[in-house]
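Secondary and tertiary structure notes
Given next are the chains, with one letter for each unit.
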Amino acid sequence: MIGLISATAAGAAARDRLAAAWPDRTRVYDGPVGDAVRSAFAECGQLVCFLATGAVVRLIAPLLGEKTADPGVVCVDEGGRFAVSLVGGHAGGANELAREVAELLAAQPVVTTATDAVGLPGLDTLGFPVEGSVAAVSRALLDGEPVALRADAAWPLPALPFAAEGAYTVRLTDRAAEPGEREVLLRPPSLVVGVGASKGAPADEVYALVERALRDAGLSPRSVAELATVDAKAEEPGIVAAAARLGVPLVTYAAEELARVPVPHPSKAPLAAVGTPSVAEAAALLRGGELLVPKTKSDARPAMATCAVVRRPPRGRLAVVGLGPGARDLLTPRAGAELRRASVLVGLDQYVDQIRDLLRPGTRVLESGLGAEEERARTAVAEARAGHAVALIGSGDAGVYAMASPALAEASDDIDVIGVPGVTAALAAGAVLGAPLGHDHVSISLSDLHTPWEVIERRVRAAAEADLVVTFYNPRSRGRDWQLPKALSILAGHREPTTPVGVVRNASRPDESSRVTTLGGLDPAWVDMMTVVTVGNTATRNVAGRMVTPRGYRWQESASKEAE
């Protein structure tokens, strides 16, 4: 929860804008400012104070405790010009909150954290629990001193300037260890603890068993990703409480699923009780991995709990990112965040050039020219399988005539795939033209390089007969100049020559051009591969030079009756 505090009418107005935009994330604190800050500091994970920074510093100074536990604090000035990350930039999320607040209020984010200022991800922002000399190792990275990465396995990290050897070290490990003087330990979420328990097993017994099993195996509890058990134990208080104490989710599986998992130590007791010969080992092993700790019983007499520990292999990360139509302000914040998160970028060379300045220093760029879509998809998936954080980019929306389909056809379930939507060419062109997509519409690519023309023609005829607004992608090139006239002639068999048609080239880019014409007046010579052509349906009208397709035909009928 984000606590909102203000002292003046101007501050309250900006505060209320945040509260309205984020009703489920924010809580407004009224009353005397000092009391409001103290209450919000104790009750919320983050604060946005519409006060002078000096005033906030004095108010929160007595409240500050541990860096890792204090809430993030952002200050917004009286004029709403700046959103200042004051406290808890990384651990408290204040840096990202400052950016979000600034975007919403049209302000300037002010982030002074050194790593953020030079484009490096903070070691405490990588999504892993962190231990050790974070400040010293971060300073070494900032100063260009060699910092070595020692990883037990390849986990998807963002781009960082690691060296083969160095006096400073970042160690990525789930092993129990104390960090050295110049070392940071990152704890990957690699361990799954399977748990079985008798009805009424005490939480202390379950937790002590898990703690002992990890300690005896030399494993860090901070690398436990989840506790797993059978569905019948989903609400067993001792198991639920143990998961809460470890700070991890409790995942449950049906007994039928667990019964199919081969385990080294099956037993008749759980088979009779819950329908599977193994709970702890089977639940830990169900999603694969290496059994590090076989079934172990608790020390109590009689023992009421068992556990097993499995190390799952790391999963690479593939983000398929839509860059939008080209304008920087139509690149979504989520797309920008994924570009900064990637250590490997794969894309068409001209698209890479559009966003190269957004990449973190050290990002490995694998670019290629036109016509290599399948190769780029294979490369991106292979890099993700090698354990990297990969961004595969495409224009518009990556799922619309772009890289998502070849990438997902190549990928299996051994990597995490994240889709990042983008503004499509059809939407960007539609916004330029007016409202041509106000009713049912379809997009059709006229490129027959991968799709036989007979299939394309059948789809155009179906759209014509269904009276759908049609947006043509890839409408015309030097080597393909007859497909667009043919498609238009098919539509002309079902629509009047006066049907509005929009032609937009390079939508949203500096050299954007557009025109609204008619089905009978369109000259195919106006069109190339950088153009999107939108043909209206029988209800589409030219209103003040803009294409408008009403949301329903009843609107058109009512307008006609009023005219009579």
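The preceding data block contains the structure.
Now for a quick tour of the structure. Treat the numbers as computed from the prediction; the structure is a model and nothing was measured.

Considering unusual backbone geometry
Here Arg-301 and Pro-302 are connected by a cis peptide whose omega angle stands at 0 degrees. Tracing the backbone shows Pro-302 in the loop between strand S14 (290-297) and strand S15 (305-311). Despite not being glycine, Asn-474 has its phi angle at roughly 45 degrees, a positive value. Structurally, Asn-474 is set in the loop between strand S23 (469-473) and helix H18 (483-492).

Observations concerning the sheet that holds strand S10 (residues 183-186)
Note: strands within a sheet are paired through backbone hydrogen bonds, in either parallel or antiparallel orientation. Spatially, four strands are ordered S7-S10-S9-S8 in an open sheet, and the strand pairing comes out mixed. At either margin of the open sheet sits one strand with a lone partner, and together these are strand S7 (130-132) and strand S8 (147-151). In this sheet, neighbouring strand axes are inclined to one another by 20 degrees on average, regardless of whether the strands run parallel or antiparallel. In terms of strand pairing, strand S9 (residues 168-172) meets S10 through four bridges, oriented parallel. Pairing of Leu-172 across the sheet is with Leu-186, part of S10. Across the sheet, helix H6 (residues 134-142) is in contact with S7, S8, S9 and S10; its angle to S9 comes to roughly 115 degrees.

Quick look at the side chain of Asp-467
Structurally, the position occupied by Asp-467 is in the loop between helix H17 (453-465) and S23. Asp-467 gets classed as buried once you look at its relative accessible area, which sits at 16%. At a separation of 2.6 Å, a polar atom in the side chain of Asp-467 contacts the side chain of Thr-538.

So, the sheet that holds strand S21 (residues 434-435)
Read across the sheet, three strands follow the order S21-S28-S27 without closing on themselves; strand pairing throughout is mixed. Every other strand in the sheet has two partners, leaving S21 and strand S27 (541-543) as the edge strands with one partner each. In this sheet, strand S28 (residues 546-548) lies alongside S27 in antiparallel orientation, the contact comprising three bridges. Bridging from a neighbouring strand, Val-543 pairs with Arg-546 of S28.

Re the pairing of strand S1 (residues 2-6)
With five of its five residues buried, S1 lies for the most part within the structure. Neither face of S1 is open: one carries Ile-2, Leu-4 and Ser-6, the other Gly-3 and Ile-5, and all of them are buried. Bridging between S1 and strand S3 (residues 46-50) involves five bridges; their strand directions are parallel. Across the sheet, the residue bridging to Gly-3 is Leu-47, located in S3. Pairing between S1 and strand S2 (residues 26-29): four bridges, direction parallel.

Considerations on the pattern of salt bridges
Tallied over the entire structure, the rule returns 27 salt bridges. When the shortest N-O distance is used, the salt bridge between Glu-290 and Arg-311 registers 3.8 Å. In this pair, Glu-290 sits in strand S14 while Arg-311 sits in strand S15, placing the two residues 21 residues apart along the sequence. Assessed through its relative accessible area of 45%, Glu-290 is described here as partly exposed. Shared partners join several salt bridges into a network, and the residues in it are Arg-15, Asp-16 and Asp-30.

What about H17?
The periodicity of an α-helix, 3.6 residues per turn, causes residues three or four places apart in sequence to face the same way. Between the first and last C-alpha of H17 there are 18 Å, a value that for 13 residues agrees with the 18 Å anticipated at 1.5 Å per step. Turning to H17, its buried residues are Trp-453, Val-455, Ile-456, Glu-457, Val-460, Ala-463 and Ala-464. Positive phi appears at Asp-467, one or two residues downstream of H17, with a value of about 60 degrees.

Reading the values: rules and limits
Residues numbered from 1 in each chain as written. Predicted model: local features only at pLDDT ≥ 70, side-chain atom pairs only at ≥ 80, totals over all residues. Heavy atoms only, no water. Helix = DSSP H or I, 4+ residues; strand = E, 2+ residues; numbered from the N terminus. Pairing = 2+ DSSP bridges. Axes fitted to C-alpha atoms, helices over the stretch in contact; angles between N-to-C directions. Contact = heavy atoms within 4.5 Å. Buried < 20%, exposed > 50% of the residue type's maximum accessible area, 1.4 Å probe, protein only. Polar contact = N/O pair within 3.5 Å; in protein donor to acceptor, adjacent residues only side chain to side chain. Salt bridge = Lys/Arg side-chain N within 4 Å of Asp/Glu carboxyl O. Expected span 1.5 Å × (residues − 1).

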